[in-house]
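The residues making up each chain are set out below.
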Amino acid sequence: MKTVRVRDVVIGEGMPKVCVPIVEIKLKDAVTFAENLEAGGADIAEWRIDWFDEAYEISKVVEAAGCIRKALKEIPLLATFRTATEGGEKEINVKQYIDLNLALIRSGYVDIIDVELFFDEEAAKILVEEAHRLGVCVIASNHDFQKTPEKEELFRRVKMMIELGADIPKIAVMPQNVEDVMILLTATYEMSRYISDRPVITMSMSKEGVISRFSGEFFGSALTFAAVGKESAPGQIDAGSLKKMLSQIHNIIS
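In this text, all values refer to a predicted model and were calculated from it rather than measured experimentally. (Residues numbered from 1 in each chain as written. Predicted model: local features only at pLDDT ≥ 70, side-chain atom pairs only at ≥ 80, totals over all residues. Heavy atoms only, no water.)

Visitor: Account for the UniProt feature "active site" (unreviewed entry) in the protein chain, with residues named and values stated.
Guide: Under the feature "active site" (unreviewed entry), the UniProt entry names His143 and Lys170. Across 28 residues in sequence, these annotated residues keep their C-alpha atoms within 8.4 Å of one another, forming a single compact spot. Residue position: His143 is located in strand 7 (residues 137–144). Contact partners of His143, with chain neighbours within four places excluded, come to Arg82, Glu86, Lys170 and Ala172. Note on placement: Lys170 falls in strand 8 (residues 168–173). (UniProt positions renumbered as here; feature names shortened; annotations may be inferred. Helix = DSSP H or I, 4+ residues; strand = E, 2+ residues; numbered from the N terminus. Contact = heavy atoms within 4.5 Å.)

Visitor: So what's going on with the side chain of Glu46? Which residues, and what values?
Guide: Mapping Glu46 onto the fold places it in strand 4 (residues 44–48). Polar contacts involving the side chain of Glu46 include one to the side chain of Thr80, which spans 2.8 Å. Setting aside residues up to four positions removed in sequence, Glu46 forms contacts with Cys19, Val20, Pro21, Ile22, Leu78, Thr80, Arg82 and Phe225. (Polar contact = N/O pair within 3.5 Å; in protein donor to acceptor, adjacent residues only side chain to side chain.)

Visitor: With reference to specific residues and values, describe a nonpolar patch on the surface.
Guide: Judged by side-chain polarity, Phe218, Ile252 and Ile253 come together as a nonpolar surface patch covering roughly 320 Å² of accessible area. Inspection of the secondary structure assignment puts Ile252 in helix 9 (residues 239–253). (Patch = residues over 30% accessible without salt bridge, like charges linked within 9 Å, V, L, I, M, F, W, Y side chains within 5 Å. Areas by Shrake-Rupley, 256 points an atom, 1.4 Å probe, with all protein chains shown as cover. Salt bridge = Lys/Arg side-chain N within 4 Å of Asp/Glu carboxyl O.)

Visitor: Which residues make up the packing of helix 4 (residues 94–107) against helix 5 (residues 121–133), and what values do they have?
Guide: With their axes 10 Å apart at the nearest point, helix 4 and helix 5 run at an angle of 5 degrees to one another. Between helix 4 and helix 5, the angle is such that the two are roughly parallel. Here helix 4 contributes Val94, Tyr97, Ile98, Asn101, Leu102, Ile105 and Arg106 to the contact with helix 5, which in turn contributes Ala123, Ile126, Leu127, Glu130 and Ala131. Split into classes, the residues belonging to the contact of helix 4 with helix 5 amount to nine nonpolar, one polar and two charged. (Axes fitted to C-alpha atoms, helices over the stretch in contact; angles between N-to-C directions. Parallel < 35°, antiparallel > 145°, perpendicular 65-115°, else oblique. Nonpolar A, V, L, I, M, F, W, Y, C, P; charged D, E, K, R; others polar.)

Visitor: Quick one: what's the story with helix 9, residue by residue and with numbers?
Guide: For helix 9, which comprises 15 residues, the first-to-last C-alpha distance of 21 Å matches the rise-based estimate of 21 Å (1.5 Å per residue) to within 8%. Of the surrounding secondary structure, the elements contacted by the buried residues of helix 9 are strand 3 (17–22), helix 2 (37–40), helix 8 (216–219), strand 10 (223–227) and strand 11 (237–238). Looking at where helix 9 begins, the residue whose side-chain oxygen comes 3.2 Å from the main-chain nitrogen of Gly240 is Asp238. (Expected span 1.5 Å × (residues − 1).)

Visitor: Mind laying out the sheet that holds strand 11, listing which residues take part and the relevant values?
Guide: The strand order 9-8-7-6-5-4-3-10-11 describes an open sheet built from nine strands, whose pairing is parallel. With one partner strand each, in any of the chains shown, strand 9 (201–204) and strand 11 form the two edges of the open sheet. Running at roughly 160 degrees to strand 4, helix 3 (residues 58–72) makes contact with strand 3, strand 4 and strand 5 (77–80) of the sheet. The sheet strands contacting helix 7 (residues 178–195) are strand 8 and strand 9, and the helix crosses strand 9 at an angle near 170 degrees. (Pairing = 2+ DSSP bridges.)

Here is the structure:
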């Protein structure tokens, strides 16, 4: 499997990396939060732009990205506008989505961009092409807050992400029971070994799926999301506690 290097972080090698979302509404609060992420246990920061109060003002978003980039020092920055359909805080149309993400890709401030697989096919192609032209990595994502699809459907979605050219496919699903969690974990194991030639990210949300957030080194998920304060998705664990668990697991099995 290929690994993905972003600054000094290698995704797909060793322990799953810990990504902490920045979900502050005001820029000054986002910057303060970013300044403390290294001590909080983050390997990567995800700026959730859909939480930002000036998310529709592209010049303000780019300016904010620069401030957050400076505050993070060498922590890689993932920029994400999560659409309302997939659990985000704001609606956005296709043109806004393309223009916003292109501006971020071209800004030089972000290391990774999140592109939703099913938001718009043409938008996804445009953003992946431009990101790769400028050396920005792409996470193609899909979030299902209603259910956990069957394994074959999860495989189909990951294959679509790979065909799109994403550097890292990401799937997040909602379990209704323990059996759903097992479907996600089994699918992760199989896709990471037999389907994907690149790192994959998966998670089963809510309390039922919490095991998926710290068992990635067993099952094949290369990155996990954690919280420092406010959660951005149900079931996130405190980043510092999660980092300790991942380290203990790694030391035992390595």
